[in-house]
Amino acid sequence: MSGFVSAALAFPAVLFSFLLVVVIGYWGLALLGVLDVEDGDIGLFGGVPLSISLSLLVAFTWFLSLAGTVLIEGAPLRVLLGFGVLVVALVGGALGTRLIIVPLRRVFAGAEPTRQDFVGRVAVVRTSSVTEDFGQAEATAADGSSAIIQIRLAGEGNLGVGSRVVLYDYDSAGEFFWVSPLELEAEKD
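Here the structure is a predicted model, which is why all the values come from computation and not from measurement.

Draft legend 1. Spatial organisation of the sheet that holds strand β3 (residues 122–125). Here five strands make up a closed barrel; going around it, the order is β3-β4-β5-β7-β6 and the pairing mixed. Within this sheet the neighbouring strands show an average axis-to-axis angle of 55°, counted without direction.

Draft legend 2. Up close: the environment of L54. Tracing the backbone through its elements, the reader meets L54 in helix α3 (residues 50–72). For L54 and L19, which are 35 residues apart along the polypeptide, the C-alpha to C-alpha distance reads 10.0 Å.

Draft legend 3. Representation of the nonpolar core. By size, the foremost hydrophobic cluster in this structure holds 15 residues, and its most contacted members are V130, I149, I151, L167, F177 and V179. Residue assignment for this core shows that the elements contributing at least two residues are β3, β4 (136–140), β5 (146–153), β6 (164–171) and β7 (176–181). Apart from the residues within four sequence positions on either side, I151 is in contact with V125, V130, T131, F134, G135, Q136, A137, L167, F176, F177 and V179. Within the second largest apolar cluster, ten residues are counted, among which are A7, F16, V23 and L86.

Draft legend 4. Structural context of the packing of aromatic side chains. Per the stated rule, a full pass over the model turns up six aromatic pairs. On the numbers, 4.7 Å between centres and 50° between planes, the contact of Y170 with F177 is tilted. Relative accessible area serves as the criterion here: at 2%, F177 is assigned to the buried category. Of the aromatic side chains, those joined through ring pairs into one cluster are F118, Y170 and F177.

Draft legend 5. Broad picture of a nonpolar patch on the surface. On the surface, L29, L32, V34 and L35 cluster together into a nonpolar patch covering about 380 Å² of accessible area. Along the chain, V34 turns up in the loop between α2 (13–32) and β1 (44–45).

Draft legend 6. Spatial organisation of α2. With 20 residues, α2 should reach 28 Å at 1.5 Å per residue; the first-to-last C-alpha distance of 28 Å fits that figure. Within α2 the residues assigned to the buried category are A13, F16, S17, L20, V23 and A30. For α2, the buried positions fall inside an angular range of 145° around the axis, keeping them on one side. Among the exposed residues of α2, those oriented more than 90 degrees off its buried face are F18, V21 and L32. Just downstream of α2, G33 is the residue with a positive phi angle, here 85°.

The rules behind each value
- Residues numbered from 1 in each chain as written.
- Predicted model: local features only at pLDDT ≥ 70, side-chain atom pairs only at ≥ 80, totals over all residues.
- Heavy atoms only, no water.
- Pairing = 2+ DSSP bridges.
- Helix = DSSP H or I, 4+ residues; strand = E, 2+ residues; numbered from the N terminus.
- Axes fitted to C-alpha atoms, helices over the stretch in contact; angles between N-to-C directions.
- Core = buried A, V, L, I, M, F, W, Y, C linked by side-chain atoms within 4.5 Å.
- Buried < 20%, exposed > 50% of the residue type's maximum accessible area, 1.4 Å probe, protein only.
- Contact = heavy atoms within 4.5 Å.
- Phe/Tyr/Trp six-rings, centres within 6.5 Å; stacked < 30°, edge-to-face > 60°.
- Patch = residues over 30% accessible without salt bridge, like charges linked within 9 Å, V, L, I, M, F, W, Y side chains within 5 Å.
- Areas by Shrake-Rupley, 256 points an atom, 1.4 Å probe, with all protein chains shown as cover.
- Salt bridge = Lys/Arg side-chain N within 4 Å of Asp/Glu carboxyl O.
- Expected span 1.5 Å × (residues − 1).
- Arc of directions from axis to C-beta.

In short, shape yes, function no, at least from these values alone.
Structure below.
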């Protein structure tokens with residue numbers, strides 16, 4: 001045990017030993033409910049909450065620096081080798097963190113897009129007319145992808161190919177959007 005403690009307190013592992021104690025304390029307080037760890041409270045790094053990304057970076061870097069410290073123990077030029085271990089541990093810690101957070105992005109990416117996400121967006125009519133029973137338009141989602149959707153116009157109107165409409169409601173039973181014509185002042189003239 002004293003060998004482990006002396007390695008954890010030797011350069012360069014000591015730099016990350018202190019940070020690892022802070023990380024363990026943080027997560028301990030979070031588990032006890034003292035700290036509120038909501039997504040986005042302190043930001044995201046790589047699509048994952050910063051608290052998770054930094055914790056992984058500290059843990060990986062501490063482990064690598066501890067292993068490096070043990071390997072160079074008793075070697076000549078120990079301080080110089082310690083700086084080399086420090087650099088290798090930082091690079092290895094960043095790579096290890098990246099390996100973990102890339103798959104975690106999906107967990108924190110949010111819910112899958114739904115048709116309700118189109119409500120409030122502008123679409124372009126792709127059929128010759130739009131009535132209460134017929135019509136299609138092309139709408140663009142927030143991620144830039146487009147989709148051909150079924151649309152309906154309440155009441156009478158004159159919408160044709162290329163008309164711009166606002167999607168103001170989605171009828172899930174009929175699987176179509178209610179639309180309203182979008183008339184810009186510049187287009188009226």
